[in-house]
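# Structural characterization, general
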Amino acid sequence: MEIKDVANYLLNHCFVMGSCEETREKYYFAIKHMDELRSLFVPLGYTPILYPSPLKVLALVNEYDGTQVKLKKYESIVLLICRLLYLQKRERLTMDGDQVLVTVEEIQQEYQKLNLPQRFEQRKLEEIMRTLREYNLARPIDKLDHLQAQIEIYPTVVLALPDNVLKASQEATVNKLAEYETGGADE
């Protein structure tokens with residue numbers, strides 16, 4: 001393996017995980033070569049950040065606003081649901097493993113609580129899971145054709161939506177809703 005392989009992977013997938021079999025080798029290689037990765041990425045405006053145990057994640061963070069992945073509305077909603085389920089289930093993990101698994105049914109239940117106009121659709125979930133898998137946020141364990149099909153949610157879901165970003169988004173949403181209620185903004 002070479003540094004360019006890991007660098008290229010980080011640019012395309014944002015995260016490398018030590019707990020995932022597919023990326024474990026890249027993760028440990030990156031740890032040994034962090035100085036080289038930093039010298040490669042910092043001049044470009046990127047910072048490789050290592051989150052050791054329990055996360056075992058290497059993240060590539062960009063300083064510039066316009067270069068983050070822009071998710072579609074329902075991708076963002078499912079990502080938020082996955083984050084919520086991850087945080088709920090992580091608390092109940094046993095010492096046997098650190099894999100967080102959810103079912104399609106659990107995601108569907110959380111989605112339905114939101115009373116959104118668009119129905120929860122199997123096909124749409126499959127498309128969203130492709131995107132989440134591409135960025136190492138989650139992956140389907142089973143074919144997503146039944147409610148008990150399992151999805152593994154990676155710890156990177158917490159890093160993709162940090163608390164400070166969610167808090168800022170929540171405040172902006174509350175402010176915008178207040179504007180609508182007072183008639184200060186176009187509906």
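Residues numbered from 1 in each chain as written. Predicted model: local features only at pLDDT ≥ 70, side-chain atom pairs only at ≥ 80, totals over all residues. Heavy atoms only, no water.

We now examine the overall build of the protein. Helix and strand content of the protein: eight helices and six strands. Ordered by position in the sequence, the α and β elements of the protein form the string α-β-α-α-β-β-α-β-α-α-β-β-α-α. Counting all 187 residues of the protein, 35% fall into the buried class. Counting contacts in the protein only where the partners sit at least 6 residues apart, residues at least 24 apart contribute 57% of the total. (Helix = DSSP H or I, 4+ residues; strand = E, 2+ residues; numbered from the N terminus. Buried < 20%, exposed > 50% of the residue type's maximum accessible area, 1.4 Å probe, protein only. Contact = heavy atoms within 4.5 Å.)

By size, the foremost hydrophobic cluster in this structure holds 34 residues, and its most contacted members are Cys 82, Ile 107, Met 129, Leu 132, Ile 151 and Ile 153. Every element with two or more residues in this core is listed here: strand S1 (15-17), strand S3 (57-62), helix H4 (73-90), strand S4 (100-103), helix H5 (104-113), helix H6 (122-134), strand S6 (150-153) and helix H7 (156-160). Not counting chain neighbours up to four residues away, the residues in contact with Ile 151 comprise Val 100, Leu 101, Val 102, Val 104, Ile 107, Met 129, Ala 138, Arg 139, Pro 140, Ile 141 and Leu 144. Within the second largest apolar cluster, 13 residues are counted, among which are Val 6, Tyr 9, Leu 37 and Leu 58. (Core = buried A, V, L, I, M, F, W, Y, C linked by side-chain atoms within 4.5 Å.)

Turning to the environment of Ala 149, a few remarks are in order. Along the chain, Ala 149 turns up in the loop between strand S5 (138-140) and S6. Here Ala 149 falls in the buried class, since its relative accessible area comes to 0%. Distance from Ala 149 to Leu 101, taken between C-alpha atoms, is 9.8 Å for residues 48 residues apart in sequence. When residues no more than four places from it in sequence are discounted, the contact partners of Ala 149 are Val 102, Thr 103, Val 104, Asp 142, Lys 143 and Leu 144.

Let us now look at the environment of Leu 132. As for its position among the elements, Leu 132 is in helix H6. Those residues in contact with Leu 132, other than ones at most four positions away along the chain, are Val 78, Leu 79, Cys 82, Leu 137 and Ala 138.

A word on the side chain of Asn 62. Among the structural elements, Asn 62 can be located in strand S3. With a relative accessible area of 14%, Asn 62 lands in the buried category. Here Tyr 46 takes part through its side chain, which lies 3.3 Å from a polar atom of the side chain of Asn 62. (Polar contact = N/O pair within 3.5 Å; in protein donor to acceptor, adjacent residues only side chain to side chain.)

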